[in-house]
Amino acid sequence: MAMSAKKLGFVGLGIMGSPMAGHLIKGGHSVYLATRSQVPEELIKAGGIACKTPAEVAQHADIIFTMVPDTPDVEKVLFGENGIASGISKGKIVVDMSSISPIATKEFAKKLNDLGCNYVDAPVSGGQVGAQNATLSIMVGGDVAVFNQVKPLFELMGKNINLVGGNGAGQTAKVANQIIVALNIEAVGEALLFAAKAGADPAKVRQALMGGFASSKILEVHGERMVNRTFNPGFRIELHQKDLNLALSSAKALGVSLPNTATAQELFNSCAAHGGKAWDHSAMVKALETLANFEIGQKAN
């Protein structure tokens, strides 16, 4: 292996964090692990070292990765009781791969910089499949020199790795990603619903559109889900709601209007009200179908 073995930490071993930490272990590094519940047995068998707290991880590791659900979770893992900040020492690097508030990220970075440590925000896109296959897209905010140190580790977990700018820029890119995805799902949903209600075969309409300017990854993957009614996640609506909440709260703080992002969030809210928090986000179309009292799979009169 080209890179010398490093002492790494990984905090947050859920459906994303667990396979990501696994890739770092496979890469030949010493990886110290902590999570809210039990450190997964398979990671210990693979050579991972279980720790009781994030502070303990930070004492052992030079570069500590975090992968937890939301902004308050990152704050707790970093600065809470037995958090990373209480075990860290000068010159170490914290890499947060969660998807959280860009504004809070800048505050977290400053606090760690004040302790003599470096901070990198590196949210990911690609979901559970991307985490398992090490094909995640990683959007990075941080210092160029620090990014270059961490990049070989990112390459063990992902494929499309971009330094976007300083601290917070990675999270900003991730929020932008989620705005585009949500609005594309909404557009594909409206188009296929319109086509089906007009009496056309939505599967054939989708196929026809795939060759033109309206073609997109969302039309390809989620358009197919809408036609086939396969709404098992994927990426759960409640997670996309969290991301759009970040978009809308950040936009409010910045004084920016995001009218269609707000509409997409309201459609997700409608799905959640119908018991759909855990549906795949392509199921946003079900809210549109409720408004039209017509399903894409139905035959038009």
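Rules used in this analysis
- Residues numbered from 1 in each chain as written.
- Predicted model: local features only at pLDDT ≥ 70, side-chain atom pairs only at ≥ 80, totals over all residues.
- Heavy atoms only, no water.
- Helix = DSSP H or I, 4+ residues; strand = E, 2+ residues; numbered from the N terminus.
- Rg over C-alpha atoms; globule rule 2.2 N^0.38 Å.
- Contact = heavy atoms within 4.5 Å.
- Areas by Shrake-Rupley, 256 points an atom, 1.4 Å probe, with all protein chains shown as cover.
- Lys, Arg positive; Asp, Glu negative; His and termini not counted.
- Charge placed at Lys NZ, Arg CZ, Asp CG, Glu CD.
- Salt bridge = Lys/Arg side-chain N within 4 Å of Asp/Glu carboxyl O.
- Axes fitted to C-alpha atoms, helices over the stretch in contact; angles between N-to-C directions.
- Parallel < 35°, antiparallel > 145°, perpendicular 65-115°, else oblique.
- Nonpolar A, V, L, I, M, F, W, Y, C, P; charged D, E, K, R; others polar.
- Buried < 20%, exposed > 50% of the residue type's maximum accessible area, 1.4 Å probe, protein only.
- Pairing = 2+ DSSP bridges.
- Right-handed = clockwise from strand over helix to strand, strands pointing away.
- Core = buried A, V, L, I, M, F, W, Y, C linked by side-chain atoms within 4.5 Å.

Engineer: Please set out the overall build of the chain residue by residue, giving values where relevant.
Structural biologist: A tally of helices and strands in the chain yields 14 helices and nine strands. At 21 Å, the chain has a C-alpha radius of gyration in line with the 19 Å of a compact globule built from 301 residues. Dimensions along the principal axes, computed over C-alpha positions, put the chain at roughly 70 × 45 × 35 Å. Partitioning the contacts of the chain with sequence separation of at least 6, the portion at a separation of at least 24 is 66%. Just so you have it, the chain exposes about 14100 Å², and 53% of that area is on carbon and sulfur atoms. With 27 positive and 25 negative side-chain charges, the chain shows a separation of 3 Å between the mean positions of the two kinds.

Engineer: How would you sum up the pattern of salt bridges? Please name residues and give values.
Structural biologist: When the charged atoms of two side chains lie near each other, side chains of opposite charge can form a pair. According to the stated counting rule, one finds eight salt bridges in the structure shown. Note that Lys110 is salt-bridged to Asp114, the shortest N-O span being 3.1 Å. Here Lys110 pairs with Asp114, and both are found in helix 6 (residues 102–114), just four residues apart, close to one helical turn. Here Lys151 makes a salt bridge to Glu155, at a shortest N to O gap of 3.9 Å. Taken as a pair, Lys151 and Glu155 lie in helix 8 (residues 144–157) at a separation of four residues, close to a single helical turn. Put simply, Arg229, Glu289 and Glu295 are held in one network by salt bridges that share partners.

Engineer: Describe the packing of helix 10 (residues 202–209) against helix 11 (residues 217–228), listing the residues and the values that go with them.
Structural biologist: Viewed as axis vectors pointing N to C, helix 10 and helix 11 meet at an angle of 175 degrees, and their least axial separation amounts to 10 Å. Judged on the interaxial angle alone, helix 11 and helix 10 are roughly antiparallel. Here Pro202, Ala203, Arg206 and Leu209 of helix 10 lie close against helix 11, whose contacting residues are Leu219, Glu220, Gly223, Glu224 and Val227. Looking at the contact of helix 10 with helix 11, its residues break down into five nonpolar, one polar and three charged.

Engineer: For the pairing of strand 2 (residues 30–34), give the residues involved together with the corresponding values.
Structural biologist: When you tally the buried positions in strand 2, you get four out of five residues, the bulk of the element. By the bridge criterion, five bridges tie strand 1 (residues 7–11) to strand 2 in an arrangement that is parallel. Residue pairing for strand 2: Gly9 is matched across the bridge by Tyr32. Between the parallel pair strand 1 and strand 2, the chain is carried across by helix 1 (residues 17–26), and the sense of this crossover is right-handed.

Engineer: Now, about the nonpolar core: what can you tell me, with residues and values included?
Structural biologist: Grouped together as the largest cluster of nonpolar side chains are 32 residues, with contacts concentrated most on Phe10, Met20, Phe65, Val95, Met97 and Phe154. Counting residues per element, the ones that place at least two in this core are strand 1, helix 1, strand 2, strand 4 (63–66), strand 5 (93–96), strand 8 (136–141) and helix 8. Here the element with the most residues in this core is helix 8; it accounts for six residues. Apart from residues no more than four positions distant in its own chain, Met20 is found in contact with Phe10, Met67, Met97, Val124, Ala131, Leu136 and Met157.

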